[in-house]
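For reference, the chains in residue letters:
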Amino acid sequence: KWVKCENCKEILYKENLRNNLSVCPNCGHYFRMHIGRRLEQIIDEGTFVETYENMPETDPIHFDGYLKKIETLKEKTKIQEAVTTGFGEIHGNKVVIAVMDGNFLMGSMGSVVGKITLAIEDAIKEKLPFIIFCVSGGARMQEGMVSLMQMAKTSAAVAKLDDAGLLNITVLTDPTTGGVTASFASLGDIILAEPNALIGFAGPRVIEQTIKQKLPEGFQRSEFLLEHGFIDKIVERKDMKKTLAQILELHKN
């Protein structure tokens, strides 16, 4: 099995890429990471307990072929939805974690992805830190208004987490856009990002057309956002677990 790097066009052996945390060994380009692989990398072995799996899908606006597409994606990606939630440990520190996956309808946020709210409520109940890995194209248009409602619902849950004085870490990966950026992704106490991730609300093309101006070089990339104070730190994938563990240690009790 071979895969082509979209950045340097090098043909890579899939297994080598996987062993390198889905980072191109040739040019350092970050490939999207499957939920399972991400959990394997971040959570201590044998400590992950999934929550809210197999939640029933809804089709609120009877969008043509929507439910059939979801079923096909479940088979193809071997995951149930664009987010997986659960309990786990990072270097022995107990956390509630949510991981999004861009391979499932572009990580878009529909009613089932709204279970992020339930995961946050678990964190409040158990007095644990909450960590979410974001990757998304935004709200899921196939669910109409219901998908937009998830923005308010998740943001309200984050406010409760804040009131409870619990730590909320968001990790922005490529791409984090639309309604996800405009809700929980931007509300972390600490916001980390992977290198060169596209992070923004509207896409650069839309912004250029709206303001009729050329955007600065690297606009909406992690490095640009770090410089302008939107994120706190850029963390390479190989250092992510160690960095999260350090933050959790610092915020104990």
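Residues numbered from 1 in each chain as written. Predicted model: local features only at pLDDT ≥ 70, side-chain atom pairs only at ≥ 80, totals over all residues. Heavy atoms only, no water.

1. Remarks on the overall build of the chain
Quick note on the threshold: Segments assigned H or I by DSSP are reported as helices when at least four residues long, segments assigned E as strands when at least two residues long, and all are numbered from the N terminus. To get the radius of gyration, use the C-alpha atoms; to get the globule rule, take the number of residues to the power 0.38 and multiply by 2.2 Å. Accessibility here uses a 1.4 Å probe with only protein chains present; expressed as a share of the type maximum, an area under 20% marks a residue as buried, one over 50% as exposed, and anything in between as partly exposed.
Counting its secondary structure elements, the chain contains nine helices and nine strands. Compactness check: the chain gives a C-alpha radius of gyration of 18 Å against a globular reference of 18 Å for 253 residues, within 12% of the reference. Across its three principal axes, the chain shows a C-alpha extent of roughly 45 × 45 × 40 Å. The 253 residues of the chain split such that 50% are buried.

2. Looking at the packing of aromatic side chains
Note the cut-off: Note on aromatic pairs: the rings of Phe, Tyr and Trp (six-membered ring only in Trp) are paired at centre separations within 6.5 Å, and the planes decide the class, stacked below 30 degrees, edge-to-face beyond 60, tilted for the rest.
Across all of its chains, the model carries two aromatic pairs by this definition. Each ring, one from Trp2 and one from Tyr13, has its centre 5.2 Å from the other, and the planes form 55°; the classification is tilted. Of this pair, Trp2 sits in strand 1 (residues 2-4) while Tyr13 sits in strand 2 (residues 11-13); the two residues are 11 residues apart in sequence, bridging distant segments of the chain. Overall, the relative accessible area of 62% leaves Trp2 in the exposed class.

3. Re the nonpolar core
Convention followed: Here, nonpolar core refers to any group of buried Ala, Val, Leu, Ile, Met, Phe, Trp, Tyr and Cys residues whose side-chain atoms link them within 4.5 Å. Contacts are assigned to residue pairs with any non-hydrogen atoms lying within 4.5 Å of each other.
Counting 59 residues, the largest nonpolar core has Phe130 and Leu244 as the members making the most contacts within it. Once residues within four sequence positions are removed from consideration, Leu244 is found in contact with Ile42, Ile90, Ile131, Phe133, Ile169, Val171 and Leu192. By size, the runner-up hydrophobic cluster in this structure holds five residues, among which are Cys5, Leu12, Leu17 and Phe31.

4. Notes on the pattern of salt bridges
Once the charged atoms of two side chains with opposite charge are near each other, the side chains can pair. What counts, and what does not: The salt bridge definition used is simple: a Lys or Arg side-chain nitrogen within 4 Å of an Asp or Glu carboxyl oxygen.
Counted by the stated rule, this structure contains 13 salt bridges. Among the ionic pairs, Asp44 bridges to Lys241, the shortest N-O distance being 2.8 Å. Residue Asp44 is found in the loop between helix 2 (35-42) and strand 3 (49-51), and its partner Lys241 is found in helix 9 (residues 240-250); the two are separated by 197 residues along the sequence. Pair check on accessibility: Asp44 and Lys241 agree, each one buried. We note a salt bridge from Glu236 to Lys238, for which the minimum N-O separation is 3.7 Å. Here Lys238 falls in the exposed class, since its relative accessible area comes to 58%. Linked by salt bridges that have partners in common, Arg18, Arg37 and Glu40 make up one network.

5. Some details on the environment of Val158
With respect to the helices and strands, the residue Val158 is situated in helix 5 (residues 145-163). On the accessibility criterion, Val158 (8% relative accessible area) is buried. Separated by 29 residues in sequence, Val158 and Pro129 have C-alpha atoms that sit 12 Å apart. Setting aside anything within four residues of it in sequence, one finds Val158 in contact with Ile120, Asn168, Phe184 and Leu187.

6. So, helix 3 (residues 66-77)
Defined as follows: What a helix should span is 1.5 Å times the count of its residues minus one. Throughout, the arc means the angular range of directions from the helix axis out to the C-beta atoms.
Between its first and last C-alpha, helix 3 extends 16 Å over 12 residues, near the 16 Å set by a 1.5 Å rise per residue. Within helix 3, the full set of buried residues consists of Tyr66, Ile70, Leu73, Lys74 and Thr77. Buried residues of helix 3, viewed axially, fall in a sector of 105°; they line one side. Opposite the packed face of helix 3, turned more than 90 degrees from it, sit the exposed residues Lys68, Glu75 and Lys76.

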